[in-house]
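Next come the chains, spelled out residue by residue.
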Amino acid sequence: MSYEEYLAGEPVVVTVALTGGVHGKEANPNLPETPAEVAAAAREAEDAGAAVAHLHARHENGERAFSPERFQALTDAVRSATDLVVQHSTGGTGVPLERRRQPLRTDPAPEMASLDMGPLNRYRHLTSENTRHTIDELATEMAERGVKPELELFNNGHLGETRRLLEEHPDLLAEPLYATLIVGPGTLSPPDPRTFMTLVESLPEGALFNTLGFGRHQLPFAALGTLLGGHVRVGLEDNVYYRRGEPAESNAQLIERVAGLARTLGREPATPDQARETLGL
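A few points on the structure. (Residues numbered from 1 in each chain as written. Predicted model: local features only at pLDDT ≥ 70, side-chain atom pairs only at ≥ 80, totals over all residues. Heavy atoms only, no water.)

Examining the overall build of the protein
- Scanning the protein from N- to C-terminus turns up 10 helices and 14 strands.
- Computed over the C-alpha atoms, the radius of gyration of the protein is 17 Å, within 12% of the 19 Å expected from 2.2 N^0.38 for a compact globule of 281 residues.
- Expressed as lengths along the three principal axes of its C-alpha atoms, the size of the protein is roughly 45 × 45 × 40 Å.
- Expressed as a percentage of the 281 residues in the protein, the buried residues total 57%.
- Sequence-distant contacts in the protein: of pairs separated by 6 or more residues, those separated by 24 or more amount to 74%.
- Accessible surface, the protein: about 12,000 Å² in total, of which carbon and sulfur atoms supply 50%.
- Side chains of the protein carry 26 positive and 41 negative charges; the gap between the two charge centres is 5 Å. (Helix = DSSP H or I, 4+ residues; strand = E, 2+ residues; numbered from the N terminus. Rg over C-alpha atoms; globule rule 2.2 N^0.38 Å. Buried < 20%, exposed > 50% of the residue type's maximum accessible area, 1.4 Å probe, protein only. Contact = heavy atoms within 4.5 Å. Areas by Shrake-Rupley, 256 points an atom, 1.4 Å probe, with all protein chains shown as cover. Lys, Arg positive; Asp, Glu negative; His and termini not counted. Charge placed at Lys NZ, Arg CZ, Asp CG, Glu CD.)

Section: the environment of Leu227
- As for its position among the elements, Leu227 is in helix α8 (residues 218–227).
- Placed 224 residues apart in sequence, Leu227 and Tyr3 show a C-alpha to C-alpha distance of 6.2 Å.

Quick notes on the pairing of strand β2 (residues 52–55)
- Residues Val52 and His54 line one face of β2 and the alternating positions Ala53 and Leu55 line the opposite face, and both faces are buried.
- Where strand β1 (residues 14–17) and β2 come together, three bridges link them in parallel fashion. By the bridge assignment for β2, Val16 is matched with Ala53.
- Direction of pairing for β2 relative to strand β5 (residues 85–88): parallel, over a ladder of four bridges. Bridge pairing in β5 links Leu55 to His88. (Pairing = 2+ DSSP bridges.)

Some points on helix α7 (residues 193–202)
- Within α7, the full set of buried residues consists of Thr195, Phe196, Leu199 and Val200. With its buried residues spanning 140 degrees around the axis, α7 presents them on a single face. The exposed set on the far side of α7, more than 90 degrees from its buried face, consists of Arg194 and Glu201.
- On its buried face, α7 sits against α6 (157–168), β10 (178–183), β11 (208–213) and α8.
- Capping the start of α7 is the job of one residue whose side-chain oxygen sits 3.0 Å from the backbone nitrogen of Arg194: Asp192. (Arc of directions from axis to C-beta. Polar contact = N/O pair within 3.5 Å; in protein donor to acceptor, adjacent residues only side chain to side chain.)

Digging into a nonpolar patch on the surface
- Together, Tyr3, Leu7 and Leu227 make up an exposed nonpolar region whose accessible area comes to about 290 Å².
- Structurally, Leu7 is set in helix α1 (residues 3–7).
- For Leu7, a relative accessible area of 55% gives the class exposed. (Patch = residues over 30% accessible without salt bridge, like charges linked within 9 Å, V, L, I, M, F, W, Y side chains within 5 Å. Salt bridge = Lys/Arg side-chain N within 4 Å of Asp/Glu carboxyl O.)

Let's talk about the sheet that holds strand β12 (residues 231–234)
- Taken in spatial order, the eight strands close into a barrel running β1-β2-β5-β6-β9-β10-β11-β12, and their pairing is parallel. On average, each strand axis in the sheet is tilted by 25 degrees relative to the strand beside it, whichever way the strands run.
- Direction of pairing for strand β6 (residues 112–116) relative to strand β9 (residues 148–153): parallel, over a ladder of five bridges. In the strand pairing of β9, Ala113 is matched with Pro149. (Axes fitted to C-alpha atoms, helices over the stretch in contact; angles between N-to-C directions.)

As structure tokens, this is what we get:
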């Protein structure tokens, strides 16, 4: 994807990351946690311009859950309230592979699922390992269940891991390849426009990209990703503020801003069905 794709005016697929699995209402009381809260937030986000819902399940106490039962209740609620593309998270720091498979085992399976493409340091004493064995096993189960991977590239090195997966297991990744380029602090790609443009230019031929900026980097990189012909992810999982010192009122507020930005730049937010067509679902 490139500036030429931007000039063509193709719709922007906007993903809403509604809740996440790390912080909760202590970070922002407007963050949804229960299936009913997430479904209501998803409905508002769809009305505001979202096409894909990135989902994490939680226990009743707000802690992250992985069981098919928890994901089933969450997905059923979102599907009953919206037509959004359902995308489950399979990420997890210090979580055994077998538990990370479980979000793929709802009935029906999610249309998409995240696939972390390599290690990520969290805080001072935690690392999300994401070994090649884990990546290959999750990718295999996704292929078996008809789930499209959303490849999450935390830094430049994960481009190499993406190419490795393509070379060793080309049958696991149906075209078009869909990669989320993540910028922010720490192990993430540095939030620098030149670095981001290099990442876009280095993607495998024909790949589509999604843009994820953590915290205060969410808005500027959403703009950059839109200009470069890519797609955008925003939401309270990645950023709990609307602007410096002002907590976001809702996921929909963040979606409205990037949807309006896309329209100003000449690209309409994709509907869920347009997103399915674009992503080959």
